[in-house]
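# Report on the structure
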Amino acid sequence: MAAKFGVGKLTRHLFLCIGPNCIESEQGQQAWDYLKKRLKQLNLAGSDGPCYRTKCDCLRICIDGPICVVYPEGTWYKQANPENLERIIQQHLIGGKVVEELCFARNPLAPDSSDR
Ligand code: FES
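The following refers to the structure shown. For clarity, every value in this text was computed on a predicted model and none was experimentally measured.

### Thoughts on the overall build of the chain
The helix and strand tally for the chain stands at two helices and five strands. Its helices and strands taken in sequence order, the chain reads β-α-β-β-β-α-β from the N to the C terminus. A compact globule built from 116 residues should have a C-alpha radius of gyration of about 13 Å, and the chain, at 14 Å, falls within 12% of that. Principal-axis analysis of the C-alpha atoms gives the chain an extent of 35 × 30 × 25 Å.

### Some points on empty space enclosed by the protein
Scanning the model with the defined rule gives one cavity of 30 Å³ or more in all. There is about 40 Å³ of room inside the largest cavity. Lining the largest cavity are Cys 17, Gly 19, Pro 20, Asn 21, Cys 22, Asp 57, Cys 58, Leu 59, Arg 60, Ile 61, Cys 62 and Ile 67. For the lining of the largest cavity, a count of residues per class yields eight nonpolar, two polar and two charged.

Here is what the cut-offs are and how they apply
- Residues numbered from 1 in each chain as written.
- Predicted model: local features only at pLDDT ≥ 70, side-chain atom pairs only at ≥ 80, totals over all residues.
- Heavy atoms only, no water.
- Helix = DSSP H or I, 4+ residues; strand = E, 2+ residues; numbered from the N terminus.
- Rg over C-alpha atoms; globule rule 2.2 N^0.38 Å.
- 1 Å grid on protein atoms, 1.4 Å probe; cavity = no way out; pocket = protein on both sides within 12 Å on 5 of 7 lines; lining within 4 Å.
- Points joined across faces, edges and corners; volume = space filled by probe spheres on them.
- Nonpolar A, V, L, I, M, F, W, Y, C, P; charged D, E, K, R; others polar.

The analysis is restricted to geometry; functional conclusions fall outside its scope.
Here is the structure:
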């Protein structure tokens, strides 16, 4: 079952908070729907990976949302609305470069964490 979703081939995992405190729930849901649609259209999420996406209720920042975090870089983004998610998809997920204007914090995961 996991392989169907690309587990084993993943290079990035994006979490998106859909509110209700950092953003109205309706807008959070719109952002999530946009993210899902675009990752599918661009063939970035599926049995070949490379991206996994998860919606969540709260990432505990609770301001200037939707809040989004991309691992393994541990890049935290604010204002991840559809327009800015497109920038994150194109520049970060595809291009490998952080969208500096939207990034408010960084916490990369240890590259050797799989050995622990
Ligand atoms: S409700 Fe979005 S980070 Fe808390």
